[in-house]
Amino acid sequence: MKSRFIAAMDLLQAEAAQEDLTLHRIFFLMGEEGHAILMLFLCLPFLQPIPIPGLSTPLGILIALVAFFLFRRRPPWVPKRFENLKISAEVVTKVSEVAEKIWGYASRIVKSRWVFFHDHWFFRIINLIVFVVNSMLLALPLPIPFSNTVPVVAIILCAIGHMERDGIFILFSYFWCLIVASFFATLALGAIHFS
């Protein structure tokens, strides 16, 4: 049986084979419970060291919004100013194919465990903070290698944990946040030193 994630990526590829997709269409295809899948999809373009000009800010904001609706247990929603933003069929296809490869590796180790990291109200708040803080760091228009990739890894780990109710992945996202903090603190100190 296909996982929800692979089924969602296959659906995106089928739609992209016909035309470019708007963000509204992508949100619609992911369904009412597709928050974590949406966040994963929106993060994947940043899994390479070079920042993508003009893309990290709107997608960072969208990831934060999706996280908020995940926390509220509400269907995903895209602001009107972004809903007609088109993503080329080529990009959608490439990103979804990469996503399927990554999921092929992750699915071997991900499973439902330590579910209190997913279910308990305290950890739901912590997880929302992980999503929002890292998505805001992603949204910063910094022309610095890995400045998008480092916060995106935390979002991906936490999103996988939420999608499969795997507390280990959520816990890993907390540890990764220490790396995120160190990375951006180093950038800030460097900026102060050379200013």
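1. Here we look at helix α1 (residues 4-16)
Phase 1 of the analysis: Taking 1.5 Å of rise per residue, 13 residues should cover 18 Å, and α1 covers 18 Å from first to last C-alpha, within 8% of that figure.
Phase 2 of the analysis: When we look at burial in α1, the residues that qualify are Phe5, Ile6, Ala8, Met9, Leu12, Glu15 and Ala16.
Phase 3 of the analysis: The secondary structure elements touched by the buried residues of α1 are β1 (21-22), α2 (23-30), α3 (35-43), α6 (89-106) and α9 (149-164).

2. With respect to the environment of Ala106
Phase 1 of the analysis: Secondary-structure assignment places Ala106 in helix α6.
Phase 2 of the analysis: For Ala106, a relative accessible area of 11% translates into the label buried.
Phase 3 of the analysis: A sequence separation of 16 residues divides Ala106 from Glu90, and the C-alpha atoms of the two residues are 24 Å apart.

3. Some details on the packing of aromatic side chains
What characterises a pair of aromatic rings is the spacing of the ring centres plus the angle enclosed by the ring planes.
Phase 1 of the analysis: Scanning the entire structure with this criterion turns up 10 aromatic pairs.
Phase 2 of the analysis: With a centroid separation of 5.7 Å and 80° between ring planes, the pair formed by Phe68 and Phe69 is classed as edge-to-face.
Phase 3 of the analysis: With centroids separated by 5.3 Å and ring planes inclined at 80°, the aromatic side chains of Phe122 and Phe123 adopt a geometry described as edge-to-face.
Phase 4 of the analysis: Through successive ring pairs, a cluster of aromatic residues spans Trp114, Phe116, Phe117, Trp121, Phe122, Phe123 and Tyr174.

4. A few points about the packing of α2 against α3
Phase 1 of the analysis: At their nearest, the axes of α2 and α3 sit 9 Å apart, and the two run at 140° to each other. When the axes of α2 and α3 are compared, the pair comes out oblique. You can see that α2 and α3 cross each other, and the crossing is right-handed. In this structure, α2 uses Leu23, Ile26, Phe27 and Met30 to contact α3, whose residues at the interface are Ile37, Leu38, Phe41 and Leu42.

5. Digging into the confidence of the model for the protein
Phase 1 of the analysis: Counting all residues, the mean pLDDT for the protein is 87, and 98% of those residues have values of 70 or more.
Phase 2 of the analysis: Within the protein, the lowest mean pLDDT, 77, falls on helix α5 (residues 80-83), and the highest, 96, falls on helix α8 (residues 121-139).

Conventions and cut-offs
- Residues numbered from 1 in each chain as written.
- Predicted model: local features only at pLDDT ≥ 70, side-chain atom pairs only at ≥ 80, totals over all residues.
- Heavy atoms only, no water.
- Helix = DSSP H or I, 4+ residues; strand = E, 2+ residues; numbered from the N terminus.
- Expected span 1.5 Å × (residues − 1).
- Buried < 20%, exposed > 50% of the residue type's maximum accessible area, 1.4 Å probe, protein only.
- Contact = heavy atoms within 4.5 Å.
- Phe/Tyr/Trp six-rings, centres within 6.5 Å; stacked < 30°, edge-to-face > 60°.
- Axes fitted to C-alpha atoms, helices over the stretch in contact; angles between N-to-C directions.
- Parallel < 35°, antiparallel > 145°, perpendicular 65-115°, else oblique.
- Left-handed = near helix turned anticlockwise from the far one by under 90°.
- pLDDT = per-residue confidence, 0-100.

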